[in-house]
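Architecture and fold: a report
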Amino acid sequence: MDNDISEKTALQTTAIGDVWGIGRRWSAHLLQQRIKTAFDLRLINAAIIRQQYNITLANTTRELQGHTCIQLEDIVKVKKNILSSKSFGQPLPAYQVIAEALSNYTLRACEKLRAQHSLTTEITVFLKTNRFNKEHYYSRTYTIALPSPSNDTRIIIHYAKKALLEIYKPGLLYCKTGVLLSDLIGDTAPLQLDLFQQTITVSPVAVMIDHINQRFGKNTVFLACQKTESVNRWQSKAQFKSPCYTTRWADIISAQ
């Protein structure tokens, strides 16, 4: 729309119900007032629209008249830290089972890391028992600085498990673990790498796995350290979780 004629034509051929922010209910009311197109709404005084409806529709009217009212955020703020953790479905004493849970939590954190095109330079792992058992309560964290920034799930899980070994104590019943990715930088930032080791900071394998899992479903492809026969022992209990009314066909409410 590079001139007044093309702009007017576009507005006249856009039904009022197709204007962004105008729902079915508002559309019905506007049609009753013979406001059938975006061009018709443009001719109305925005103050009148605000009196009869609300500020949102008034701002839409002003936008159609050429006044900027809705500020768009062109730059999405990236997270400075990424945390992934959950309580276990039951208290766990075995290191191997806890390490499996931590591997899964770390994978989720790495997926978020790659989604915002970032690399992590430092990871922190925590492990704790039941905080209500004051007599035998245990809680520790351990931080490792990576040799070079990375978003490769395999590398980050490797160091997360090393951190877990440092804080794990046999004989305790643990209730929760998690990983924090911190000191994040962009994956296009200039880096000082190791002179004697060629490290690929952005993993094409990990990115490919993300694409496969997004297309074919969660855990279509996974690392061996993520999934064993003990998965039901560390997964959080979800028997009281609310149904997914709007995102899963089986959970849609049906009227009898």
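Throughout what follows, the structure given in this document is the object of discussion. (Residues numbered from 1 in each chain as written. Predicted model: local features only at pLDDT ≥ 70, side-chain atom pairs only at ≥ 80, totals over all residues. Heavy atoms only, no water.)

Here's the deal with the packing of aromatic side chains
How two aromatic rings sit relative to each other is set out by the distance from centre to centre and by the angle between their planes. Using the criterion set out here, one finds 3 aromatic pairs in the structure. Taking 6.2 Å as the distance between ring centres and 70° as the angle between the ring planes, the aromatic pair formed by Y138 and Y174 counts as edge-to-face. Of this pair, Y138 sits in the loop between strand 2 (118-129) and strand 3 (139-150) while Y174 sits in strand 4 (residues 174-182), placing them 36 residues apart in sequence. Judged on exposure class, the residue Y138 and its partner Y174 are both buried. On the accessibility criterion, Y174 (0% relative accessible area) is buried. (Phe/Tyr/Trp six-rings, centres within 6.5 Å; stacked < 30°, edge-to-face > 60°. Helix = DSSP H or I, 4+ residues; strand = E, 2+ residues; numbered from the N terminus. Buried < 20%, exposed > 50% of the residue type's maximum accessible area, 1.4 Å probe, protein only.)

Some details on empty space enclosed by the protein
Space left empty within the atom packing is revealed by a probe, the size of a water molecule, rolled over the atoms. For the structure shown, the criterion picks out 1 cavity of 30 Å³ or more. Taken together, 15 residues make up the lining of the largest cavity; nearest its centre are L107, T153, A206, I209 and L223. Among the secondary structure elements, those contributing two or more residues to the lining of the largest cavity are helix 6 (95-115), helix 7 (153-167) and helix 8 (204-216). No other element matches helix 8, which puts 5 residues into the lining of the largest cavity. Looking at the lining of the largest cavity residue by residue, the class counts come to 7 nonpolar, 3 polar and 5 charged. (1 Å grid on protein atoms, 1.4 Å probe; cavity = no way out; pocket = protein on both sides within 12 Å on 5 of 7 lines; lining within 4 Å. Points joined across faces, edges and corners; volume = space filled by probe spheres on them. Nonpolar A, V, L, I, M, F, W, Y, C, P; charged D, E, K, R; others polar.)

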